[in-house]
Amino acid sequence: MNLKLVLSVLILLFMSAKGNSQWKLMDKNATRETKKLFKSLKKIQKRGTIFAHQHATEYGRGWMGDEDRSDVKSVVGTHPGMIGVDFSGFTGRNPEEYKSRLKKVVEDTYNRGGVITIAWHFYNPVGPGGFYWQDSISTPVVRRLIPNGDAHEQYKEILDGIAEWANSCRGKNGELVPMIFRPYHEFDGDWFWWGASHCTVDEFKTLWKFTASYLRDTKNVHNFIWAFSPDNKFNTQEEYLERYPGNEWVDMVGMDNYADMGRDRYDLDTAIKKLRIVSDYAKKNKKLAAFTETGLESIPNTTWWTESMLKVMKADGLRLSYVLVWRNDSRSKTHYYAPHPGHKSVPDFEKFFEDKFTWFEDDLAKKNIYKKRRAK
């Protein structure tokens, strides 16, 4: 065989292999900043894990709506690296006021250098029961929202509102703010109307695919990283993937798990085993991975941060881009998941914060995770 031909074949094989090894978002038209965030999260999860807190800057223990405040910042001097927000109010009583307030939270977080992740506690749009399933009054909803369902047009109107809002969130230079969007979470449980007992596998997959394609392709939302996250009711990869819509529809895989982290029992080995299923699938299929929800309400265990949470995060073989603990209610005496000034777990949380494996907002801001580094 001609030497030049051999070299040409080898080059083509090399380029093909290189192309196949690339990590890509499901949205080929994703904004530059969204692509950069995706790549930055990939790098970070090789070295550590971002600490995230739900509603961290919206409210906390005994306060609500204060400027540039979070309970975490009051304890360690910087906000969590990632802030969790929710689309729940988009179909509430005053949706426009809610959207305006949430827009400010998102833009402020981005401009400081932090990351946003969005959950969707979606109030039943066609019947009673809120976002929870209530046996006495709830009826199947998913089949009504998907194409050919009697509420499909109504669902598209709701998605129109999400698209308009997402395309209005801008950084200080006018760029769209990237966000991790995590719809229909904990779908393997029965407590939400989109749960496993209330729709078929095909109905759930159809709902996911339609939602993603409509927002991306019809409404031109190109600043979402799409995250898939069941609860912890799986024990194998096959069970984890039962309602998975396919790699072409997902950018990040995760799981929610409170039960094994102290709520029902301390079974860190099981939590790690299940996270490893998620992490291994992510690595094999070039997806990001995350511990999308966890926590211990009221944090009665004074060493939970280092002896439970950090041990799980650092387990061999895991690559997790972030771990999110739930919210700190502004009024409840018991419903909080991150420490606040004076809480008995603060000394241990400070150790958690000081560990180089954990990433907070100041760490992300220093890395400039949304922009390419300029050549020197």
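Please read all numbers here as calculations on a predicted model, not as lab measurements.

**Q** Teacher, can you tell me more about the overall build of the chain here?
**A** Helix and strand counts for the chain stand at twelve helices and eleven strands. In terms of overall size, the chain behaves like a compact globule, its C-alpha atoms giving a radius of gyration of 21 Å where 376 residues would be expected to give roughly 21 Å. Judged by the C-alpha coordinates and their principal axes, the chain covers about 80 × 55 × 45 Å. A burial count over the chain gives 57% of its 376 residues as buried. Residue pairs at least 24 apart in sequence account for 76% of intrachain contacts in the chain once pairs closer than 6 positions are excluded. Total accessible area on the chain is roughly 17,100 Å²; 48% of this is exposed by carbon and sulfur atoms.

**Q** What am I meant to see in the pattern of salt bridges here?
**A** When the charged atoms of two side chains lie near each other, side chains of opposite charge can form a pair. Per the counting criterion, the structure on display carries 23 salt bridges. Its salt-bridge partner being Arg-69, residue Asp-66 comes within 2.6 Å of it at the nearest N-O pair. Accessibility expressed as a relative area gives 31% for Asp-66, which makes it partly exposed. One salt bridge in this structure joins Lys-219 and Asp-160, with 3.5 Å as the shortest N-O distance. In this pair, Lys-219 sits in the loop between helix H7 (201-218) and strand S7 (224-228) while Asp-160 sits in helix H6 (residues 152-166), placing the two residues 59 residues apart along the sequence. For Asp-160, a relative accessible area of 25% translates into the label partly exposed.

**Q** Even after reading the chapter, I still don't get the pairing of strand S9 (residues 288-294), so can you show me in this structure?
**A** Consecutive residues of a regular strand have side chains that alternate between opposite faces of the sheet. Burial analysis of S9 places seven of its seven residues in the buried class, which makes it a mostly covered element. As defined by bridge partners, strand S8 (residues 252-256) adjoins S9 across five bridges and the pair is classed as parallel. If you follow Asp-256 over to S9, its bridge partner there is Glu-293. The parallel pair S8 and S9, bridged by helix H9 (residues 268-285), forms a crossover whose chirality is right-handed. Pairing between S9 and strand S10 (residues 322-325): two bridges, direction parallel. Across the sheet, Thr-294 pairs through a bridge with Val-325, a residue of S10.

**Q** I tried to follow the packing of helix H10 (residues 304-313) against helix H11 (residues 346-354) on my own but got confused; where do I start?
**A** Think of two packed helices as two axes; the pair is described by the angle between the axes and how far apart they sit. It is at 8 Å that the axes of H10 and H11 come closest, and there the two elements cross at 30 degrees. Judged on the interaxial angle alone, H11 and H10 are roughly parallel. Residue-level inspection shows Trp-304, Trp-305, Thr-306, Met-309, Leu-310 and Met-313 of H10 in contact with H11, the latter providing Asp-348, Phe-349, Lys-351 and Phe-352. Partitioned by chemical class, the residues of the contact of H10 with H11 number seven nonpolar, one polar and two charged.

**Q** It is not clear to me how the nonpolar core should be interpreted in this structure. Could you clarify?
**A** It is characteristic of soluble globular proteins that their nonpolar side chains tend to be buried jointly. Judged by nonpolar contacts, the single largest core of 118 residues is most densely connected at Phe-87, Trp-120, Trp-165 and Phe-224. In contact with Trp-165, other than residues within four places in its own chain, are Phe-87, Phe-90, Lys-99, Leu-102, Lys-103, Val-106, Ile-118 and Met-179.

**Q** Sorry, what's going on with the environment of Pro-230 here?
**A** Among the structural elements, Pro-230 can be located in the loop between S7 and helix H8 (237-240). Sequence separation of Pro-230 and Trp-249 is 19 residues, and the distance between their C-alpha atoms is 15 Å. Every residue in contact with Pro-230, bar those within four places of it in the chain, is listed here: Glu-186, Phe-187, Asp-188, Tyr-240, Gly-254, Met-255 and Asp-256.

**Q** What am I meant to see in the pairing of strand S5 (residues 115-119) here?
**A** Along S5, five of the five residues are buried, which leaves the element largely enclosed by surrounding structure. Between the parallel pair strand S4 (residues 82-86) and S5, the chain is carried across by helix H4 (residues 95-112), and the sense of this crossover is right-handed. Pairing of S5 with strand S6 (residues 179-182), which is carried by three bridges, proceeds in the parallel orientation. Within S6, the residue paired with Thr-117 across the bridge is Ile-180.

**Q** What's the story with H6 in this structure? I'm lost.
**A** Count 3.6 residues to each turn of an α-helix, and residues three or four apart come out pointing the same way. With 15 residues, H6 ought to run about 21 Å at 1.5 Å a step, and its terminal C-alpha atoms sit 21 Å apart, in line with that. Regarding H6, the residues found buried are His-152, Tyr-155, Ile-158, Leu-159, Gly-161, Ile-162, Ala-163, Trp-165 and Ala-166. Among the structural elements, H4, S5, helix H5 (142-145), S6, H7 and S7 are those in contact with the buried residues of H6.

**Q** Can you help me understand H4 in this one?
**A** A rise of 1.5 Å per residue sets the reference length of H4, with its 18 residues, at 26 Å; its end C-alpha atoms lie 26 Å apart and thus fit the reference within 8%. All of the buried residues along H4 are Tyr-98, Lys-99, Leu-102, Val-105, Val-106, Glu-107, Thr-109 and Tyr-110. For H4, the secondary structure elements touched by its buried residues are helix H2 (32-47), S4, S5, H6, S6 and helix H12 (361-367). Positioned one or two residues after H4, Gly-113 has a phi angle of 105 degrees, which is positive.

**Q** Sorry, what's going on with the side chain of Lys-287 here?
**A** Relative to the elements of secondary structure, Lys-287 occurs in the loop between H9 and S9. Look at Lys-287: it is buried, it has no salt bridge, and the nearest opposite charge is Asp-251 at 5.1 Å. Sequence-distant contacts of Lys-287, that is, excluding residues within four places in its chain, are made with Trp-23, Gln-45, Tyr-244, Asn-247, Val-250, Asp-251 and Ala-282.

Thresholds, definitions, all that
- Residues numbered from 1 in each chain as written.
- Predicted model: local features only at pLDDT ≥ 70, side-chain atom pairs only at ≥ 80, totals over all residues.
- Heavy atoms only, no water.
- Helix = DSSP H or I, 4+ residues; strand = E, 2+ residues; numbered from the N terminus.
- Rg over C-alpha atoms; globule rule 2.2 N^0.38 Å.
- Buried < 20%, exposed > 50% of the residue type's maximum accessible area, 1.4 Å probe, protein only.
- Contact = heavy atoms within 4.5 Å.
- Areas by Shrake-Rupley, 256 points an atom, 1.4 Å probe, with all protein chains shown as cover.
- Salt bridge = Lys/Arg side-chain N within 4 Å of Asp/Glu carboxyl O.
- Pairing = 2+ DSSP bridges.
- Right-handed = clockwise from strand over helix to strand, strands pointing away.
- Axes fitted to C-alpha atoms, helices over the stretch in contact; angles between N-to-C directions.
- Parallel < 35°, antiparallel > 145°, perpendicular 65-115°, else oblique.
- Nonpolar A, V, L, I, M, F, W, Y, C, P; charged D, E, K, R; others polar.
- Core = buried A, V, L, I, M, F, W, Y, C linked by side-chain atoms within 4.5 Å.
- Expected span 1.5 Å × (residues − 1).
- Lys, Arg positive; Asp, Glu negative; His and termini not counted.

In short, geometric facts, not functional conclusions.
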